[in-house]
Amino acid sequence: TLLEVDPRKRDMKKLVQRYFRNMTEGCGLSHCCSDFCRQFNGDPNGAAAEAIKRARKAGPNGCVWLCNPEKNRSITRWLAESDDLMRSCGWEVPWRVKALENTRVGGESGWSRRALEWLEIHMPR
């Protein structure tokens, strides 16, 4: 087929698929800060049209609007280490990171308190 012959079209198809998956399923992190993550949850037609549009705009080598789970993880670790409330809770950093990953959503406020509540429920002392 044409996709097998032309590597640019094959790469573009993969990029469209990545955008579609990112916009419908998300990156897998409950605390992802990206506005584009799960943007089209429940609207596959809208997600498909937007995925094609973004892939064309970014080009075959671009991942401009994709979530970066590693970046989100490093932000979460930084929050677990630097937030005063999180530091004073007495839990070790890996547990604080896990709590943040399970409770933090986008730019909502109160995330450190929710993370501490999660620790108290799921990790009794």
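Residues numbered from 1 in each chain as written. Predicted model: local features only at pLDDT ≥ 70, side-chain atom pairs only at ≥ 80, totals over all residues. Heavy atoms only, no water.

## A few points about the pattern of salt bridges
Counted by the stated rule, this structure contains three salt bridges. A salt bridge links glutamate 50 to lysine 53, with the shortest nitrogen-to-oxygen separation between them at 3.7 Å. With glutamate 50 and lysine 53 both in helix α3 (residues 44-58) and three residues apart, this pair spans about one turn of that helix. A salt bridge links arginine 87 to aspartate 84, with the shortest nitrogen-to-oxygen separation between them at 3.0 Å. Of this pair, arginine 87 and aspartate 84 both sit in helix α5 (residues 84-87), three residues apart, roughly one helical turn. Within the structure, one salt-bridge network assembled from shared partners comprises Glu50, Lys53 and Arg54. (Salt bridge = Lys/Arg side-chain N within 4 Å of Asp/Glu carboxyl O. Helix = DSSP H or I, 4+ residues; strand = E, 2+ residues; numbered from the N terminus.)

## Some thoughts on the environment of arginine 77
Position of arginine 77 relative to the elements: it lies in helix α4 (residues 69-82). The spatial distance from the C-alpha of arginine 77 to the C-alpha of proline 94 is 8.2 Å, given a sequence separation of 17 residues. In this structure arginine 77 touches Val93 and Val97, once residues within four positions along its chain are discounted. (Contact = heavy atoms within 4.5 Å.)

From the geometry alone we can't say anything about function, so treat these as descriptive.
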